[in-house]
Amino acid sequence: MPGITREEVAHLARLSRLELKDEELDHFAGQLDVIIGAVARVADVATEDVPPTSHPLPLTNVMRSDEVHPSLTPQEALSGAPAQEQQRFKVPQILGEE
C-alpha cells in the first residue's frame, strides 16, 4: 500500500481550512501513514467468527426498579411556600406573558 503523499496532506489541509507549512506537510504525511497502517492491522485481526460489539464487556442496567412509594400531598408540599395558587407554587411573572 503506497504511503500518504504530502500533496494528499496538503489537499486534506485545504479541505479542513488548515494552513500548514512545508515541514508540517512532511511530518503529518508520516503520521497519517502510521495511523492508516494501524487501522489496516486492526482490520486484518477481525475475523468472521467474532461478532461486532460496542463494548468489550457486557453492560447491565444499574438503576433500581421503579416502585411507587408514599410521597407528600399537595398541601404538605406547598405548606412552606410563600405563595400558592391552584395547588401550585406561585412565582413572579418574568416573561411578560399571561
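Further up the page is the structure itself.
Predicted model only: the values in this text are computed from it and were never measured.

Novice: Explain the environment of leucine 57 to me, using residue names and the numbers behind them.
Specialist: Here leucine 57 lies in the loop between helix H2 (22–45) and helix H3 (74–78). For leucine 57 and histidine 11, which are 46 residues apart along the polypeptide, the C-alpha to C-alpha distance reads 40 Å.

Novice: Explain the pattern of salt bridges residue by residue, including any values.
Specialist: Applying the stated rule across the entire model yields three salt bridges. Linking arginine 6 and aspartate 22 is a salt bridge whose minimum nitrogen-to-oxygen distance equals 3.6 Å. Of this pair, arginine 6 sits in helix H1 (residues 6–15) while aspartate 22 is found in helix H2, placing the two residues 16 residues apart along the sequence. In this structure arginine 6 comes out as partly exposed when scored by relative accessible area, which is 29%. The partner of glutamate 85 in a salt bridge is lysine 90, and the shortest N-O contact between them spans 3.4 Å. For glutamate 85, a relative accessible area of 43% corresponds to the partly exposed category. Each of Arg6, Asp22 and Asp26 takes part in a single network of salt bridges with overlapping partners.

Novice: Explain H1 to me, and be specific about the residues and the numbers.
Specialist: Those residues of H1 that sit buried are Val9, Ala10 and Ala13. Viewed end-on, H1 has its buried residues packed into an arc of 100°, placing them on one side of the element. Along H1, the residues that are exposed and aim more than 90 degrees away from the buried face are Glu7, Arg14 and Leu15. In this structure, the buried side of H1 is in contact with H2. Positive backbone phi, approximately 60°, marks arginine 17, located one or two places after H1.

What counts and how
Residues numbered from 1 in each chain as written. Predicted model: local features only at pLDDT ≥ 70, side-chain atom pairs only at ≥ 80, totals over all residues. Heavy atoms only, no water. Helix = DSSP H or I, 4+ residues; strand = E, 2+ residues; numbered from the N terminus. Salt bridge = Lys/Arg side-chain N within 4 Å of Asp/Glu carboxyl O. Buried < 20%, exposed > 50% of the residue type's maximum accessible area, 1.4 Å probe, protein only. Arc of directions from axis to C-beta. Contact = heavy atoms within 4.5 Å.

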